[in-house]
Amino acid sequence: MPILRDDPKEAEIVSHRLMLRAGLIRQSSAGIYSWLPMGFRVLQKIEQIVREEQDRAGAIEMLMPTIQSADLWRESGRYDDYGEEMLRISDRHERDMLYGPTNEELITEIFRNEVHSYRDLPRNLYHIQWKFRDEIRPRFGVMRGREFLMKDAYSFDLTAEDAKRSYNKMFVAYLRTFERMGLKSIPMAADTGPIGGDLSHEFIILAETGESEVFCHADLVELTAPGDDVDFESDLTAIMEQWTSKYAATDEKHDAARFEKEVAAEKRLSARGIEVGHIFFFGTKYTEPMKCQVQGKEGELITVQCGSYGIGVSRLVAAIIEASHDDAGIIWPASVAPYLVGLINLKTGDAETDAACEELYGKLKQAGIEVLYDDTDERAGAKFAAMDLIGLPWQLIVGPKGLKQGEIELKDRRSGDRESLKPDAALQRLIGA
Ligand code: ATP
Ligand code: MG
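Residues numbered from 1 in each chain as written. Chains lettered and ligands numbered in written order. Predicted model: local features only at pLDDT ≥ 70, side-chain atom pairs only at ≥ 80, totals over all residues. Heavy atoms only, no water.

**Side note on the overall build of the chain**
Right, on to step 1. A tally of regular secondary structure across the chain gives 13 helices and 23 strands.
Right, on to step 2. Its C-alpha atoms give the chain a radius of gyration of 24 Å, near enough to 22 Å, the size a compact globule of 433 residues would have.
Right, on to step 3. Along the longest, intermediate and shortest principal axes, the C-alpha atoms of the chain span 80 × 60 × 45 Å.
Right, on to step 4. Every one of the 433 residues in the chain was classed for burial, and the buried ones make up 52%.
Right, on to step 5. Of the contacts made within the chain by residues no fewer than 6 positions apart, 70% connect residues no fewer than 24 positions apart. (Helix = DSSP H or I, 4+ residues; strand = E, 2+ residues; numbered from the N terminus. Rg over C-alpha atoms; globule rule 2.2 N^0.38 Å. Buried < 20%, exposed > 50% of the residue type's maximum accessible area, 1.4 Å probe, protein only. Contact = heavy atoms within 4.5 Å.)

This is the structure we're talking about:
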C-alpha cells in the first residue's frame with residue numbers, strides 16, 4: 001500500500017492524483033499501468049458487477065485472446081481502416097498479428113464456425129479482456145490509457161427487429177450496472193466511429209473533467225435505473241421510451257436547433273461527461289463481408305444481425321473517483337470498495353489495544369466483512385490521513401482511552417460522523433451495512 005503524501009506532478013485530474021496517492025496504480029509506460037493490490041481489488045469489484053448484470057440480461061461469458069491475426073481484419077476490411085491506433089505486431093514467421101482494440105471480427109469468426117442454425121439464435125457472448133489502442137494522447141491515468149480493460153459483448157440475431165431487442169437488453173443492463181456502482185449514467189445518442197452502424201448510445205457520467213461534451217434534458221439526471229425485478233425477456237420498450245424520448249446527445253450527434261426546439265431553456269443541460277459505456281447496432285456490417293450465416297426454417301441462408309456493447313471497466317475506477325471524493329481522498333461506494341472497513345489500531349504494541357483489535361478483526365472476517373487492519377507503527381494522525389485517503393466506507397478506531405470505557409469509534413467516511421460504541425454494537429452496525 002504505497003501511499004504518497006504529496007500530489008504527483010504528472011496528474012492533471014483528481015482521480016489520477018488520488019489513484020497514484022492512494023497506491024492503486026503505477027505507470028509502467030505511457031498509458032500502461034500496473035494495478036497494485038488495492039487498485040486491483042476495486043477493478044475486480046467493478047468487473048464482478050459488470051459480469052452479474054451481463055449474466056442477468058442473458059449474455060454468456062467467454063474469453064478471447066488479446067492477440068489476433070491480421071487476416072480476420074483483412075476480411076472485414078478494417079485492417080487498413082483502423083489506422084495508427086492499432087498496435088501491429090509480426091511474429092517469428094513474419095505473420096501479421098495485432099493486439100486487439102476490439103473483437104467484432106474474432107467473435108464473428110468463432111460464431112460462423114460454430115453456429116449454423118436459426119434454432120441457436122438469439123445469442124449474446126461477452127468477455128472481459130484487456131484491449132490495446134495506441135491513443136495519440138494517453139492521459140488522465142486509466143481514464144484514457146493505451147492498455148485498458150473492457151467488457152465487450154456481441155449479440156447475434158436473425159432479424160433486425162430481434163437485434164433491437166438484444167440492444168434494449170444491454171441498454172437496460174447498462175443502466176443497472178452503473179447505478180450499482182453509485183453512478184448516475186445518462187444514455188446519449190452517439191456517433192459510431194470505426195465500429196460502424198447507425199443506432200448507438202454512449203453512457204455518460206457527468207463530470208467537469210470529462211472529455212466528452214454533451215447536451216441533454218435535465219430531467220434525465222433524475223431518473224432511476226430499473227430494479228432487480230426487471231424481466232429481461234419481457235418487452236423493454238417502455239423503459240427505452242422513458243430513457244430515450246428526451247433529448248440527449250454527445251457533441252458529434254448534437255443538433256443545436258433541435259435541442260432548442262425540444263427542450264425548454266431552463267431544462268437545457270450542456271455539460272462535460274465521461275463515456276463509460278457504448279452500445280452499437282450495426283446489422284450485417286461484419287457478418288456480410290465475413291459470410292457469417294445461419295440456416296433458417298426453410299433451409300435458406302440468413303446473414304446474421306449483430307450489435308456490440310462495450311464497458312470501460314478500468315476507466316470506471318477513475319470515473320467513480322471523479323464522482324465520489326473530497327479534499328481528504330477517495331470515498332468508495334460500498335459496492336466497489338476494496339474493503340468495507342478499515343480497522344485502525346491507535347497504539348500498536350499496547351497489549352490491551354492489540355487484543356481488542358485482533359478480536360474485532362477475527363469477528364469481522366468471520367462475518368464475511370472485508371476488513372483492512374492498520375497495525376503499523378505510524379502516528380495516529382498519519383493513520384487517519386491514510387485511511388481517509390484510501391476511502392473505505394467505514395473506519396473502526398480502537399485506542400486505549402476508549403477501551404477504558406469499553407468503547408471504540410465508528411466513523412462514516414462519507415459524512416465524517418464519528419460515534420462511540422461498544423465493540424459488539426459496532427460490529428452489528430457493520431453487519432447490517
Ligand atoms: P473514446 O471516445 O473515449 O476514445 P471509444 O468510443 O473509442 O472511446 P469504444 O470503442 O466505444 O471507445 O469502447 C468501449 C468503452 O471502452 C468506452 O465507452 C470507454 O469506456 C472504454 N475505452 C475506450 N477507449 C479507452 C481508453 N483509451 N482507455 C480507457 N477506456 C477506454
Ligand atoms: Mg465510444
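**Structural notes on the nonpolar core**
Right, on to step 1. Counting residues in each nonpolar core, the largest one holds 80 residues, and the members touching the most others are Met 19, Ile 46, Phe 178, Met 181 and Trp 332.
Right, on to step 2. The greatest single-element share of this core, amounting to 9 residues, is contributed by helix H6 (residues 160-180).
Right, on to step 3. Every residue in contact with Ile 46, bar those within four places of it in the chain, is listed here: Met 181, Val 313, Leu 316, Val 317, Ile 320 and Val 336.
Right, on to step 4. Grouped together as the second largest cluster of nonpolar side chains are 26 residues, Leu 72, Leu 125, Tyr 154 and Cys 306 included. (Core = buried A, V, L, I, M, F, W, Y, C linked by side-chain atoms within 4.5 Å.)

**Focus on the packing of helix H10 (residues 351-366) against helix H13 (residues 423-432)**
Right, on to step 1. Put simply, H10 and H13 touch, their axes get as near as 11 Å, and they point 25° apart. In terms of axis orientation, H10 runs roughly parallel to H13. Here H10 runs over H13; the crossing is right-handed. Along its contact with H10, which presents Leu 360, Lys 363 and Leu 364, the element H13 presents Pro 423, Asp 424, Leu 427 and Leu 430.
Right, on to step 2. Looking at the contact of H10 with H13 residue by residue, the class counts come to 5 nonpolar, no polar and 2 charged. (Axes fitted to C-alpha atoms, helices over the stretch in contact; angles between N-to-C directions. Parallel < 35°, antiparallel > 145°, perpendicular 65-115°, else oblique. Left-handed = near helix turned anticlockwise from the far one by under 90°. Nonpolar A, V, L, I, M, F, W, Y, C, P; charged D, E, K, R; others polar.)

**Points about unusual backbone geometry**
Right, on to step 1. Cis geometry marks the peptide bond from Leu 121 to Pro 122, where omega comes out at 0°.
Right, on to step 2. Checked against the element boundaries, Pro 122 lands in the loop between helix H5 (104-114) and strand S7 (123-132).
Right, on to step 3. The residue Phe 140 is not glycine, and still its phi comes out positive at about 60°.
Right, on to step 4. In this fold, Phe 140 is placed in the loop between S7 and strand S8 (147-157).
Right, on to step 5. A positive phi angle is found at Lys 291, which is not glycine, with a value near 50°.
Right, on to step 6. Here Lys 291 lies in the loop between strand S13 (268-283) and strand S14 (293-295).

**Describing the sheet that holds strand S22 (residues 408-412)**
Right, on to step 1. With mixed pairing, the 5 strands of this open sheet are ordered in space as S20-S19-S21-S22-S23. Only two strands of the sheet have a single partner each, and these edge strands are strand S20 (371-374) and strand S23 (418-421). Pairs of neighbouring strands in the sheet enclose a mean axial angle of 20°, with direction left out of account.
Right, on to step 2. As judged from the 4 bridges shared by strand S19 (residues 341-345) and S20, these two strands associate in the parallel manner. If you follow Leu 343 over to S20, its bridge partner there is Tyr 373. (Pairing = 2+ DSSP bridges.)

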